[in-house]
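Per-entry structural report
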Amino acid sequence: MKCKFCEKEAYIKLYHPKIPLCREHFIEYFERKVRRTIERYKLFKKDERILVAISGGKDSAVVSYILKKFNYDIQCLYINLGVRGYSDKCEEYVKKQCKMIDTPLHIVKIRELLGSGIGELRTTRPTCSYCGTTKRYISNKFAYDNNFDVVVTGHNIDDEASFIFGNVLNWNTQYLAKQGPILPGEGKFVKKVKPLYEVTEREIVAYASAVGIDYVTDKCPYSKGAITLRYKEIINQLEKIRPGTKIKFVRGFLKKRHLFEGEIEKGKINECKVCGMPSGGKVCSFCRIWDLREAVDLSIK
Ligand code: SF4
Ligand code: ZN
Ligand code: ZN
């Protein structure tokens, strides 16, 4: 099969639009799509300081590579969760990825900072729930303490579609109102954005291999059996039957998102009396989960 735009052999056949592309034209297509996402949703400007939350996996590796290629001012943050047999391996990949794009890398080690790794804490909360709180808190506080304007994550359209699908399925409507490619900053909350919002996992894998990015393919052991993986499979089946389902679903959601705005719980935001970061109660959930007596120090030394 030949590329739609030249005489070369096709490297990939896209599902939507259904066109074959050679390696060079696919790289061009993918980068144009990411650039358009940045512009369409006004994610950030050239003079903003960007912190990319990087994990060793394909999504964050691709987003940091591409932002560097577009000449944005980026630095990377890796949170080593202390998951035995997994986190240190991811750290090795992250180091290689940042070296490849010649970008500063900051590493926060949960075990050193908080005394134990994710999955070892004695708590009634599910591991992924307090891991999520921990990662969100650390990336936000790190960005805030070190004067970054924006935190970038590698979420793609498969993540977004499955998140929306799952929350509609369970009618968790209060989560839907704030979901999207950009979460504006406010007070001590730094702006969060997703430049890969409109590209699929399949396209990200193909792009990583086309430009020579090496990444961890192992999954975190705690992700086993996660329902979100089943949601992704179901949405992929629908995409096969009717190409374009994912993008229509996600863009359609963004148009209707205002319908969920009344669902946001508008409680008073206090300052956590331990760390001073925003909190619904007297102590924020991060300081509560880790039973902290003083704020963690995340300033760059
Ligand atoms: Fe954290 Fe692993 Fe759960 Fe992801 S799968 S939220 S990294 S514990
Ligand atoms: Zn071509
Ligand atoms: Zn706190």
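As the structure is a prediction and not an experimental result, all values here were calculated from the model.

**Digging into the packing of aromatic side chains**
The full count for this structure, using the stated rule, is twelve aromatic pairs. Ring centres 3.9 Å apart and planes at 5 degrees place the aromatic pair Y137 and F286 in the stacked group. Of this pair, Y137 sits in helix α5 (residues 127-145) while F286 is found in helix α11 (residues 285-289), placing the two residues 149 residues apart along the sequence. For the pair Y137 and F286, one class covers both residues: buried.

**Details of unusual backbone geometry**
The linkage connecting H16 with the following residue, P17, adopts the cis geometry, with an omega of 0 degrees. Mapped onto the secondary structure, P17 falls in the loop between β1 (12-13) and β2 (20-21). Phi angles above zero are rare outside glycine, and N71 is one such case at about 70 degrees. Mapped onto the secondary structure, N71 falls in the loop between α2 (58-69) and β4 (74-80). Residue classification places N71 among the exposed positions, given a relative accessible area of 62%. Backbone geometry places D102, a non-glycine residue, at a positive phi of 50 degrees. With respect to the helices and strands, D102 occurs in the loop between α3 (87-100) and β5 (105-109).

**Details of the coordination of the zinc ion (ligand 2)**
At this site the zinc ion (ligand 2) is bound by C3 (SG), C6 (SG), C22 (SG) and H25 (ND1), with donor distances of 2.1 to 2.4 Å. One way to put it: the four donor atoms around the zinc ion (ligand 2) meet at angles of 99 to 116 degrees, and that makes the site tetrahedral. Of note, the donors binding the zinc ion (ligand 2) are all from one chain and are spaced C-x2-C-x15-C-x2-H. Residue C3 is found in the segment before β1, and its partner H25 is found in helix α1 (residues 23-40); the two are separated by 22 residues along the sequence.

**Topic: the pattern of salt bridges**
Counting across every chain of the model gives 23 salt bridges. Residues E31 and K69 are paired through a salt bridge, measuring 2.8 Å at the closest nitrogen-oxygen approach. Taken as a pair, E31 in helix α1 and K69 in helix α2 lie far apart in primary sequence, 38 residues in all. A salt bridge links K95 to E91; its shortest N-O distance comes to 3.2 Å. Here E91 and K95 lie together in helix α3, a separation of four residues that amounts to about one turn. Several salt bridges share partner residues, and in doing so they unite K8, R23 and E24 into one network.

**Looking at the UniProt feature "binding site: Zn(2+) 1" (unreviewed entry) in the protein**
Feature annotation in UniProt places "binding site: Zn(2+) 1" (unreviewed entry) on C3, C6, C22 and H25, given in this structure's numbering. These annotated residues cover 23 residues of sequence, and their C-alpha atoms lie no more than 8.5 Å from one another, placing them together at a single site. Assessed through its relative accessible area of 5%, C3 is described here as buried. Setting aside residues up to four positions removed in sequence, C3 forms contacts with K8, E9, A10, P20, L21, C22 and H25. Here C22 lies in the loop between β2 and α1. When its relative accessible area of 1% is taken as the criterion, C22 is described as buried. Excluding residues within four positions of it along the chain, C22 makes contact with C3, C6, K8, E9, A10 and Y11.

**Brief notes about the nonpolar core**
Generally speaking, a soluble globular protein has its nonpolar side chains buried in company with each other. In terms of nonpolar packing, the biggest core is built from 91 residues, with F30, F44, L67 and F286 touching the most fellow members. Here this core gathers at least three residues from each of two domains, domain 1 (33-264) and domain 2 (269-295). Not counting chain neighbours up to four residues away, the residues in contact with F44 comprise I38, I50, L67, Y72, V150, V152, K191, V193 and P195.

**As for the coordination of the zinc ion (ligand 3)**
Summarising the metal site, the zinc ion (ligand 3) is bound by the protein donors C272 (SG), C275 (SG), C284 (SG) and C287 (SG), whose distances to it range over 2.3 to 2.4 Å. Each of the four donor atoms around the zinc ion (ligand 3) contributes to a set of angles spanning 101 to 116 degrees, which defines the coordination as tetrahedral. Between consecutive donor residues of the zinc ion (ligand 3), the sequence gaps follow C-x2-C-x8-C-x2-C. Residue C272 is located in the loop between β9 (270-271) and β10 (278-279), and its partner C287 is located in helix α11; the two are separated by 15 residues in the primary sequence. Owing to a relative accessible area of 3%, C272 belongs among the buried residues under this scheme. Given the relative accessible area of 2%, C287 is considered buried.

Basis of the calculations
- Residues numbered from 1 in each chain as written.
- Chains lettered and ligands numbered in written order.
- Predicted model: local features only at pLDDT ≥ 70, side-chain atom pairs only at ≥ 80, totals over all residues.
- Heavy atoms only, no water.
- Phe/Tyr/Trp six-rings, centres within 6.5 Å; stacked < 30°, edge-to-face > 60°.
- Helix = DSSP H or I, 4+ residues; strand = E, 2+ residues; numbered from the N terminus.
- Buried < 20%, exposed > 50% of the residue type's maximum accessible area, 1.4 Å probe, protein only.
- Donors = N, O, S within 2.8 Å, 3.2 Å for Na, K, Ca; no water.
- Tetrahedral: all angles 85-135°; square planar, octahedral: opposite > 155°, others 65-115°.
- Salt bridge = Lys/Arg side-chain N within 4 Å of Asp/Glu carboxyl O.
- UniProt positions renumbered as here; feature names shortened; annotations may be inferred.
- Contact = heavy atoms within 4.5 Å.
- Core = buried A, V, L, I, M, F, W, Y, C linked by side-chain atoms within 4.5 Å.
- Domains from an automatic or database assignment.

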